[in-house]
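Take a look at the letters that make up each chain.
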There are 2 protein chains.
Amino acid sequence: MADLQVLDDAAVLIGDDGDIAAVGSYAELVGQAGDATVTEVDGVLFPGFVDCHTHAVFGMARLADQERRARGEGYKEIAAAGGGILSSVRDVRQRSADDLTDLTRRRLTHLVANGTTTVEVKSGYGLELEAELKQLDVIATVAADGGPSIVATFLGAHEVPEEYRPRADEYVNVVINDMLPAVERQGVARFCDVFCEPGVFTVEQSRRVLEAAARHGLAPKLHADELDPSGGAELAVELGAASADHLAAVSEAGIAALAGSDTVAVLLPGTMMFLGRGNQAPGRRLLDAGAAVALATDFNPGSSPGMSLPLMTTLATSQCGMVPAETITAITVNGAAAVGEAHTRGQIAPGFRADLALALVHDWREVVYWYGTGLIAEVWVGGLACHPRQTPVNFLV
Amino acid sequence: MADLQVLDDAAVLIGDDGDIAAVGSYAELVGQAGDATVTEVDGVLFPGFVDCHTHAVFGMARLADQERRARGEGYKEIAAAGGGILSSVRDVRQRSADDLTDLTRRRLTHLVANGTTTVEVKSGYGLELEAELKQLDVIATVAADGGPSIVATFLGAHEVPEEYRPRADEYVNVVINDMLPAVERQGVARFCDVFCEPGVFTVEQSRRVLEAAARHGLAPKLHADELDPSGGAELAVELGAASADHLAAVSEAGIAALAGSDTVAVLLPGTMMFLGRGNQAPGRRLLDAGAAVALATDFNPGSSPGMSLPLMTTLATSQCGMVPAETITAITVNGAAAVGEAHTRGQIAPGFRADLALALVHDWREVVYWYGTGLIAEVWVGGLACHPRQTPVNFLV
């Protein structure tokens, strides 16, 4: 992961299909370009970043939760005050798909402005058939915009909804018997994810959901070992999941399991930062053991309203023991692997999608180093230029 | 600090002198505006942010140090490998003032793009008369550009230079006898700061420098209690310093001293984040005791290459127990107090400079909440609009 190939005076030849046709020296490729339009850029051209874990479809910002957390209130106090994840669920259930689509588009503009060209987006604020399908429809609508590539994940088992507490097993049955068949029928998701954590869904419940999902054509992902080591990473590996995500509390056995697998360990350092927790995921130990590590924003209204993958590289370097080159691999090649696009996204190479991010820097390491500010000046998706800096679409709530 | 005044449908009337003439309802002020140019904006208008602690004049980025730190190397190993603060000193000593001016201007563009309109800038990478004056001259040149307001601080006692080790007392004599008179003569600094920390300058050495500085017309500031509680905060209060900065290791006695004083406690949460340290300054305890708290970026090439005050508000909320309103006061009113501009900067009020930052959000709290991305769409300095988003001046090294 620390072995990046960096080319000087390079050029990328993009085909009419929006894929990369060739990569090489400028002098060499300009001769092959025929009557192609030539765009000269000065800076460092990265593969468009892949944000492989977001919950980008939601309604309100949870501003009050942030303040309560700053005052020292915990998860349960915030929920008792009407906040927490279930407040997002109540909000998403009553919002129109149009409203959610508009908000999601605005927010994705920020991800793109920070260099992201492929975004995994999960449902999981519906927790009932209709509202989950509404979220997945919003994802499909946004995916059809022609902006960043969107990978849809069904996360009906994100939390036990209020009306099923404390009957989590019954809710799991609803997910398996009602939701999964409908999601398959509508063809609106590629992955299925579960929040596997003591107090949410057990390893056994998570296994049941993901095994059923596989029968409905959805590949597994797993929220694993965020707060407590419950065997989530091991389950993800057992099921051949594309990724095991969070991992701040992963056990040694979990690290060993990931190291011996193709399951990508997805770390979300912005979440631990935003929540004010001291324990970041053990990036260095995962890497040293041989695991493939990716980084993502976890963009969501409760624990990570952050939209910059470059900032995640800084956090991972500062707090997870990853060297800068590893963090770039983590938001490109390995992010792509975590969403099943290892052969189409995350590299500047022939046959890959022409998704590119231009940073106005001399040295690629600067994207990891200067933090909290915008270094990405231009983004291309499928060869087409966006101009994220010239269209400040904010008003995010 | 948590009591912000938020106006709806408001207007700001700016005089020809670049100061704010009136603030009130739009309906009321538009009648008083005479033939003034009317600029309508939609969003939340903040006082331009005040970054009251930066080391913005430096040459190279310390990219290799960041990687070494990620590999687990400590301060001493990094210095032994040719990095650390003394590598910035070697670099600044040999660079031309023109080169440093160009780099500083580029970097300040990023601070402004994130809403900052007043920046304190320290010397301290010269550590010899000529190079310290060169840095202060660069600060004066940039200050004359008409961009953000610049407050210059002489920090000759930032570190003991190689040629004086281990004779710190002799170097202190040079600072006092050679540098301070020259700085006064040239009129290039308003404050004097010292890095008071075990292994750098003792409390006694710091007191000597700051007492001498006062005789040369420079008001005191102090880097205090960053790594160990050595009585730095208490010294800052004893000397009536404008600010005591860092404070991650401040003692109970230091907190009590600050609480009973007009010395502003300046917290630098980006630094602790970037260095990967677990111990943030005790913002909540300082506030509860009654201290005035400000936040700053500490922008510098070694421990904080971060240029966004909004990100510092997020970090302070997540990691220092400050509520969002307190963090806004900390980057406006209290930042201004920390640089001696409590009556001219940091508020949208008559008689204050018309320094403004427009965030395209509906609720001011969003600037603390959505993190790592650019929410500031427009900045005015002395009533004149900058367009930071339309001029992506990067190439920071």
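Residues numbered from 1 in each chain as written. Chains lettered and ligands numbered in written order. Predicted model: local features only at pLDDT ≥ 70, side-chain atom pairs only at ≥ 80, totals over all residues. Heavy atoms only, no water.

1. Some words on the sheet that holds strand E3 (residues 44–47) of chain B
All names here are of chain B. Read across the sheet, four strands follow the order E3-E13-E14-E15 without closing on themselves; strand pairing throughout is antiparallel. The open sheet is flanked by E3 and strand E15 (384–386), the only strands paired with a single partner. Averaged over neighbouring strand pairs, the angle between their axes works out to 25° when direction is ignored. (Pairing = 2+ DSSP bridges. Helix = DSSP H or I, 4+ residues; strand = E, 2+ residues; numbered from the N terminus. Axes fitted to C-alpha atoms, helices over the stretch in contact; angles between N-to-C directions.)

2. A short note on helix H4 (residues 85–94) of chain A
Among the ten residues of H4(A), seven are classified as buried, and the element is accordingly described as predominantly covered. Its buried side turned inward, H4(A) meets helix H5 (97–113) and helix H6 (129–143) of chain A. (Buried < 20%, exposed > 50% of the residue type's maximum accessible area, 1.4 Å probe, protein only. Contact = heavy atoms within 4.5 Å.)

3. Remarks on the interface of chain B and chain A
Contact with chain B, which involves 60 residues of that partner, is made by 60 residues of chain A. When the two sides are added together, the surface that chain B and chain A hide from each other amounts to roughly 5,200 Å², 64% of it contributed by carbon and sulfur. Contact with chain A buries area across many residues of chain B, yet B:Tyr369, B:Tyr371 and B:Phe395 alone supply 17% of it, more than any other trio. In this structure, the connection of chain B to chain A is made through zero salt bridges. Summed over the shared surface of chain B and chain A, the result is 22 residue pairs in polar contact (both at pLDDT 80 or more). Breaking the side of chain B that touches chain A down by element, the ones donating at least two residues are helix H2 (63–70), helix H5 (97–113), helix H11 (269–275), helix H13 (309–319) and helix H16 (366–369) of chain B. Looking at the side of chain B that touches chain A element by element, the count peaks at seven residues for H13(B). (Buried area = accessible area lost by both parts, 1.4 Å probe. Salt bridge = Lys/Arg side-chain N within 4 Å of Asp/Glu carboxyl O. Polar contact = N/O pair within 3.5 Å; in protein donor to acceptor, adjacent residues only side chain to side chain.)

4. So, the packing of aromatic side chains
When we look at a pair of aromatic rings, we describe it by the centre distance and by the angle of the planes. Counted under the stated rule, the structure contains 18 aromatic pairs over all chains. Taking 5.7 Å as the distance between ring centres and 65° as the angle between the ring planes, the aromatic pair formed by A:Phe46 and A:Phe49 counts as edge-to-face. Within the aromatic cluster, the residues linked to one another by ring pairs are A:Phe58, A:Phe274, A:Phe299, B:Tyr369, B:Trp370 and B:Tyr371. Against the face of A:Phe191 rests A:Lys221, its NZ or CZ located 5.2 Å from the ring centre. (Phe/Tyr/Trp six-rings, centres within 6.5 Å; stacked < 30°, edge-to-face > 60°. Lys NZ or Arg CZ within 6 Å of the ring centre and 35° of its normal.)

5. What about the relation of the copies chain B and chain A?
Once chain B has been moved 0.0 Å along the axis and rotated by 180°, it coincides with chain A to within an RMSD of 0.0 Å. The superposition operator between the copies reduces to a two-fold rotation axis. Scanning chain B for the C-alpha nearest the rotation axis identifies B:Gly372, at a separation of 2.5 Å. When the interface residues of chain B are mapped onto chain A, 100% of them are again interface residues, pointing to one common binding face. (Least-squares fit on C-alpha atoms with pLDDT ≥ 70 in both.)

6. Description of the sheet that holds strand E15 (residues 384–386) of chain A
Residues and elements named next belong to chain A. Taken together, four strands build an open sheet; the order of strands is E3-E13-E14-E15 and the sheet is antiparallel. Strands with a single pairing partner mark the edges of an open sheet, and in this sheet they are strand E3 (44–47) and E15. Between one strand axis and the next, the sheet turns through 25° on average, direction left out of account. Where strand E14 (residues 376–381) lies against E15, three bridges are found, and the strand directions are antiparallel. Bridging from a neighbouring strand, Val-381 pairs with Leu-384 of E15.

By themselves, these are just geometric observations and shouldn't be taken as functional.
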